[in-house]
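Next come the chains, spelled out residue by residue.
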Amino acid sequence: MASIIKTVDLRKAYRVGPEVVVALDCINLEIAEGQVCCILGTSGSGKSTLLNQLAGLEKPTRGNVYILGKNISKMTEKQLAHFRQKSIGFVFQSYNLLPGMSAIENVAMPLTFRGVSKRKRTAIAKEMLKAVGLESRMKHTPAEMSGGQQQRVGIARAFAARPKVVFADEPTGNLDTKTTREIMELFLNFSRQQKITIVLVTHDRNLANYADRIVTIMDGRVVKDAANQSLFDVEKEEAARKAAWENDQLPPQEPAPGEPPAEEQKAANEGTEPSAVPEVNTAFGEGQENEKQTPAALEEK
Ligand SMILES: Nc1ncnc2c1ncn2[C@@H]1O[C@H](COP(=O)(O)OP(=O)(O)O)[C@@H](O)[C@H]1O
Ligand SMILES: [Mg+2]
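Residues numbered from 1 in each chain as written. Chains lettered and ligands numbered in written order. Predicted model: local features only at pLDDT ≥ 70, side-chain atom pairs only at ≥ 80, totals over all residues.

### Quick look at the sheet that holds strand 7 (residues 88-92)
Okay, so step 1: Taken together, six strands build an open sheet; the order of strands is 7-8-9-4-10-11 and the sheet is mixed. Looking along the sheet, the strands with just one partner apiece sit at the ends: strand 7 and strand 11 (221-227). Neighbour to neighbour, the strand axes of the sheet diverge by 15° on average, direction disregarded.
Okay, so step 2: Bridge count for strand 4 (residues 36-40) against strand 9 (residues 197-202) is five bridges, and the pairing is parallel. The partner of Cys 37 across the bridge, within strand 9, is Val 199.
Okay, so step 3: Contacts from helix 1 (residues 47-54) reach strand 4, strand 8 (165-169), strand 9 and strand 10 (213-218), with the element oriented near 155° to strand 9. (Pairing = 2+ DSSP bridges. Helix = DSSP H or I, 4+ residues; strand = E, 2+ residues; numbered from the N terminus. Axes fitted to C-alpha atoms, helices over the stretch in contact; angles between N-to-C directions. Contact = placed C-beta atoms within 7 Å.)

### Quick look at the packing of helix 5 (residues 147-160) against helix 6 (residues 177-194)
Okay, so step 1: Two elements in contact, helix 5 and helix 6, have axes whose closest approach is 10 Å; the angle formed by their N-to-C orientations is 10°. When the axes of helix 5 and helix 6 are compared, the pair comes out roughly parallel. Where helix 5 approaches helix 6, its residues Gly 148, Gln 151, Arg 152, Ile 155 and Phe 159 are matched on the opposing element by Thr 179, Glu 182, Ile 183, Leu 186, Phe 187 and Phe 190.
Okay, so step 2: Looking at side-chain class alone, the contact of helix 5 with helix 6 contains six nonpolar, three polar and two charged residues. (Parallel < 35°, antiparallel > 145°, perpendicular 65-115°, else oblique. Nonpolar A, V, L, I, M, F, W, Y, C, P; charged D, E, K, R; others polar.)

Right, dumping it as structure tokens:
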């Protein structure tokens, strides 16, 4: 897959009085198109600084950032603003919705910069709000919505203009566990459907498990960079296998080593309730590289 974001020897240092704070150093990252990449690190490790660099919100002290082959570190502020409007979406921890505006107006906002007509903007915004389950809250202002609902608006807004990349800085930091899960599902649904690259910044290991790749940073440097089987995809595959099993579309399961042959198993299963049917688990057999990752197993890592 082609890489959509690339950094070369990226460094960002801040001068604070007589001191120099090195927030990022020697960052060489390449992010593939359509990848959900998580930047994981503790508070103060440099995550937000890195996100700001990747999105062209701040200039590097040294090194370069390329997005879609363009060196954004060399762009003027005007070129950068135009580039961000055209290719980038943002999701923030504190939602950053405009308080005086309705959900529709907030979602339609990025399309204004794209020169889309008001009628079309409104139509797209309504579609997006429907897609995030806010059909009945379209005319509400942020103050008239819960945190989870506001973040749904935030996500609808980020994806409305079909950006190439969506950057999210602790997008569920203010939400409870159940809402976090719902928000991540929405996020990943859009990403998978539209093949949009996601760069997700968090300190939360559980959230990182929704990503395809986890880049861990510490004191402004990458200390670990590893592929991850997205919890979202694991859950989707499991649900699909369960549905196929229930619809009786699967061939008889191969007995795993040490299990009784298929005939015996079939006899044993007869007359049992569906909930007692052993889980179909063909893709993640023991000893295979992709060991099955249940949420509990992931938390242990
Ligand atoms: N504008 C700034 N001026 C000075 N130091 C900064 C600035 N922004 C960030 N830093 C410092 O850079 C380091 C990384 O910060 P940040 O990227 O916000 O971390 P994280 O998002 O991982 O919590 C911290 O030590 C922070 O104090
Ligand atoms: Mg931060």
